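# Descriptive structure summary
One letter stands for each residue in the lines below.
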Amino acid sequence: MTFSVNYVERDGGGVCLRLAGELDLSTAPELTAAIDRLTATGETRVLLDLTDLTFCDSTGMAVFVRGDNRAAAEGGWLRLTGAQGRVERVLRVTGLADVLRYEPESVDPASRSAS
């Protein structure tokens, strides 16, 4: 399955990137570039929708952390939602679910404390 990143504007501010396919060493640069483009244009609240992400290795997890660090440096955040199966399990086992304040069905991360 191919990897894709789709940009979606959010009503409450910030943006959502919908990820689909497999996020690994070969596809991670695409997500990194998308996050970098957003933060370079001033977007500091980024929600990653992982509903259609079928696989994520350590390289992908590193992109999540790097994206959160970059957004936080500008006063924002990167949050995750929608992970299922193995992707959700890896987030929980690694502790990234807590670090990145993962919620399976996040309504709007901006509506609660993002600090």
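Residues numbered from 1 in each chain as written. Predicted model: local features only at pLDDT ≥ 70, side-chain atom pairs only at ≥ 80, totals over all residues. Heavy atoms only, no water.

### Brief notes about the pairing of strand E2 (residues 15–23)
Extensive coverage of E2 is indicated by the burial of seven of its nine residues. Where strand E1 (residues 4–9) meets E2, six bridges bridge the pair, whose relative direction is antiparallel. Bridged to serine 4 within E2 is alanine 20. Relative to strand E3 (residues 45–56), E2 is paired through eight bridges, and the arrangement is parallel. Among the inter-strand pairings, alanine 20 is bridged to a residue of E3, identified as aspartate 52. (Buried < 20%, exposed > 50% of the residue type's maximum accessible area, 1.4 Å probe, protein only. Helix = DSSP H or I, 4+ residues; strand = E, 2+ residues; numbered from the N terminus. Pairing = 2+ DSSP bridges.)

### What to know about the side chain of threonine 44
On the secondary structure map, threonine 44 appears in the loop between helix H1 (28–40) and E3. If near-sequence neighbours (up to four positions away) are discounted, threonine 44 is found in contact with Ala71, Glu74, Gly76 and Trp77. (Contact = heavy atoms within 4.5 Å.)

### Points about unusual backbone geometry
Unusually for a residue other than glycine, arginine 101 sits at a positive phi of about 50°. Tracing the backbone shows arginine 101 in the segment after helix H4 (96–99).

### Structural notes on helix H2 (residues 58–73)
Count 3.6 residues to each turn of an α-helix, and residues three or four apart come out pointing the same way. For H2, built from 16 residues, the straight-helix expectation of 22 Å at 1.5 Å per residue is met to within 8% by its first-to-last C-alpha distance of 22 Å. What H2 keeps buried is the set Gly60, Met61, Val63, Phe64, Gly67, Asp68 and Ala71. The arc enclosing the buried residues of H2, seen along the axis, measures out at 155°, which places them on a common side. Structural note: H2 exposes Ser58 and Ala73 on the side pointing more than 90 degrees away from its buried face. A distance of 2.9 Å separates the backbone nitrogen of threonine 59 from a side-chain oxygen at the start of H2, and that oxygen is part of aspartate 57. Once H2 ends, the next one or two residues include glycine 75, with phi positive near 90°. (Expected span 1.5 Å × (residues − 1). Arc of directions from axis to C-beta. Polar contact = N/O pair within 3.5 Å; in protein donor to acceptor, adjacent residues only side chain to side chain.)

### With respect to the sheet that holds strand E4 (residues 77–81)
The strand order E1-E2-E3-E4 describes an open sheet built from four strands, whose pairing is mixed. At either margin of the open sheet sits one strand with a lone partner, and together these are E1 and E4. Going from strand to strand, the sheet's axes swing by 25° on average, the running direction of each strand aside. Across the face of the sheet, H2 comes into contact with E2, E3 and E4 while running at roughly 140° to E4. (Axes fitted to C-alpha atoms, helices over the stretch in contact; angles between N-to-C directions.)

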